[in-house]
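# Inside the fold
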Amino acid sequence: MAVNFGKSGQPEADAMKPTIREIVEEIGFGRSQLLVMIMACGPFFAEGLELLMVSLLAGSIASDLDTVGFSGGFMVFLVLLGAALGNVISGPFADKSGRQFPIILGYAMVVVFSITSSFMNTLTTISALRFFVGVGFGLGQPAALVLMNEVAPARWRLASTLASALFVGLGAMSAVFMVMVDDAWLKNFSILQWRLLLRCSAIPVMLLGFCSIFILPESPSFLAATGDYALARDVLQDLAAGNKRQASVSFRCPEVGAKSLQGQFGRALCTGGLLNAASICMGSLVLNFALYGSSYAVPQALVKVTTGDVLGIAPASVLLLSFGLACLLIASGTVLGMRASRKTGIIACLMLSIFSALLFNVSSANAQQLRWPLIVSCLGLWCGPAFAILLLIQASLEIYPALSSATATAACMAFGRVGAVVAPLLSDYVTSSTGDSSTFFTILAAMELASIVAFVPLDLTPATSTATADSAAAAATEERAVQLSFAPTAAPPTYGSA
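All figures in this text were calculated on a predicted structure; none of them were measured in a lab.

This next bit is on the packing of helix α2 (residues 31-40) against helix α8 (residues 193-215). In contact at an axis separation of 9 Å, α2 and α8 are set at 140° when each is read in the N-to-C sense. Put simply, α2 runs oblique to α8. For the pair α2 and α8, the sense of crossing is left-handed. Facing α2, whose interface residues are Leu35, Ile38 and Met39, α8 presents Leu208, Cys211, Ser212 and Ile215. Taken together, the residues of the contact of α2 with α8 sort by class into six nonpolar, one polar and no charged.

Laid out in structure tokens, this is it:
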């Protein structure tokens, strides 16, 4: 059946035509989505790589520049602060100009500022440039999450979000591997090595950014919502061709929305609800506080249990194995997360983190007798909040419309950055005041318990439920033919194939 288009490229009104989401379900998950996932997850890869690289090279930088009292934690604080600013900017930016451009711009910022910082000779300039490295990968992250979810079928949307955490782990493993080449025991960096390592850390990010210019597509949902129907059809056709699937790209036209910043926040609040928006943002703050607070406080609390010397394993090797195990846990969590509702999964992860915090307090006081419970509690303190954060971000992606989803996700991530920045500072204050880390973990457990109470009444049902997606996929088995009739006034724009 031929499809007629008007002068604007908009298909004629037809209530029987599928929505873009239904066409994405028909296209399915395949090579196209995998390529989008790899290219879009670059900002998360950069986060793991750059944050850990700065932490590992802090001693070398301080030694080279003769800086007394320099703390690597301060530079990490600046990078996270930059990431928070990038998240805030990215949401409205991606909802106004599209998902593709913020991701590519973020790649460019990470590469340029990372390489430039390696040539600086003062701590002030290095720290300022690392701040803009954080802005770079923070700018690309909300847009990347939204793009991956808008080109993936409903069953694979959570897997796309969990892939972002997997790439953070891969980035951290890359940083450790680069450092291991010079010094696996993390003790003797020469003057030139930290500069070389900062430049090397930009190479994989630069390669991903270069490839994304030609591979990464724009979101068809965003294009259609802003009235660019012809380009939306081109993107859908490229996605189908990449998966070697036949699918009709004649879609039911969505309502074209305004692109103003006020309109984006208004749509987010009206569609998702003020209570949902506030609870998601505060939940993100608490969960990131728990994750980064545990990551910072646990190693300090385990000073008396030094497994590195006992086992004779280099510290860099221990880090590499730990991040590898974390990636495996994330992959297994994908399967579990796809079988449970978002709210149920978040509450279960919070309960796991609360139990792990209390178990850590007990087992750390008797580390020699309770070594295995101590190890289990450490894994729970990291995995519980990490999985809950991913489920929460996924919920924010699903309950908002196309023209406000990036803004809502950016707000969720920005509040999380606040928790990540505050957690180490509060941990230091509480530990120095009480002389014991158990008080901090008790506070952490209390905050998570309050979050559970706040999450119970929320409605986090996705706008496009799995049931709806399944029915759309079943209807797609009728194998609609791809027959397009373009307006004679203009040829479709050139577009990089997915």
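Right, let's talk about the side chain of Glu218 for a bit. Within the secondary structure, Glu218 is located in the loop between α8 and α9 (220-225). Salt bridges are absent for the buried Glu218, whose nearest opposite-charge side chain, Arg99, sits at 5.1 Å. A polar contact of 2.8 Å, which involves the side chain of Glu218, links it to the backbone nitrogen of Arg99. At a separation of 3.4 Å, a polar atom in the side chain of Glu218 contacts the main-chain amide nitrogen of Gln100.

On to the confidence of the model for the protein. Averaged over every residue, the pLDDT of the protein is 76; the share at 70 or more is 72%. Of all helices and strands in the protein, the one with the weakest mean pLDDT is helix α19 (residues 466-475) (39), whereas helix α5 (residues 100-117) scores best (95). Of the regions scoring below 50 in pLDDT, residues 260-269 engages in 20 contacts with residues more than four places distant in sequence or in other chains. Here residues 304-312 is modelled with pLDDT under 50, and outside its nearest four sequence neighbours on either side it reaches six contacts, counting other chains as well.

Another aspect to go through is the nonpolar core. Residues Met53, Ile103, Val205, Leu236, Phe251 and Phe441 are the most contacted members of the largest nonpolar core, which totals 115 residues. In this view, Val205 contacts Phe45, Ala46, Leu49, Tyr107, Val110 and Val111; residues no more than four positions away in its chain are not counted.

Let us look at the environment of Leu145. With respect to the helices and strands, Leu145 occurs in helix α6 (residues 123-150). Here Leu145 falls in the buried class, since its relative accessible area comes to 0%. In this structure the C-alpha to C-alpha distance between Leu145 and Ala410, which are 265 residues apart in sequence, comes to 9.7 Å. Residue contacts for Leu145: discarding those within four places in its chain leaves Phe44, Thr161, Ser164, Ile393, Leu397, Thr409 and Met413.

Looking now at the packing of α2 against helix α3 (residues 42-65). The interhelical angle for the contact between α2 and α3, taken along N-to-C directions, is 35°, at an axis separation of 5 Å. Together, Ile38, Met39 and Ala40 of α2 and Gly42, Pro43 and Phe44 of α3 make up the contact between the two elements.

Applying the stated criterion across every chain yields a total of eight aromatic pairs. When the ring of Phe29 is compared with that of Trp156, the centres are 4.4 Å apart and the planes differ by 15°; the resulting orientation is stacked. One end of the pair, Phe29, is in the loop between α1 (20-27) and α2; the other, Trp156, is in the loop between α6 and α7 (157-182), and 127 residues separate them in sequence. The exposure class assigned to Trp156 is partly exposed, which follows from its relative accessible area of 38%. Note on Phe360 and Phe441: the rings are 4.8 Å apart at their centroids and 50° apart in plane angle, and the pair reads as tilted. Linking Phe360 in helix α15 (residues 342-365) with Phe441 in helix α18 (residues 438-455), this pair joins segments that are 81 residues apart in sequence. The exposure class of Phe360 is buried, given its relative accessible area of 0%. Each residue in the set Phe289, Phe360, Phe440 and Phe441 is aromatic and connected to the rest through ring pairs, giving one cluster. The ring of Phe119 has Arg199 sitting right over it, with the charged end atom 4.2 Å from the ring centre.

Here is what the cut-offs are and how they apply
Residues numbered from 1 in each chain as written. Predicted model: local features only at pLDDT ≥ 70, side-chain atom pairs only at ≥ 80, totals over all residues. Heavy atoms only, no water. Axes fitted to C-alpha atoms, helices over the stretch in contact; angles between N-to-C directions. Helix = DSSP H or I, 4+ residues; strand = E, 2+ residues; numbered from the N terminus. Parallel < 35°, antiparallel > 145°, perpendicular 65-115°, else oblique. Left-handed = near helix turned anticlockwise from the far one by under 90°. Contact = heavy atoms within 4.5 Å. Nonpolar A, V, L, I, M, F, W, Y, C, P; charged D, E, K, R; others polar. Buried < 20%, exposed > 50% of the residue type's maximum accessible area, 1.4 Å probe, protein only. Lys, Arg positive; Asp, Glu negative; His and termini not counted. Salt bridge = Lys/Arg side-chain N within 4 Å of Asp/Glu carboxyl O. Polar contact = N/O pair within 3.5 Å; in protein donor to acceptor, adjacent residues only side chain to side chain. pLDDT = per-residue confidence, 0-100. Core = buried A, V, L, I, M, F, W, Y, C linked by side-chain atoms within 4.5 Å. Phe/Tyr/Trp six-rings, centres within 6.5 Å; stacked < 30°, edge-to-face > 60°. Lys NZ or Arg CZ within 6 Å of the ring centre and 35° of its normal.

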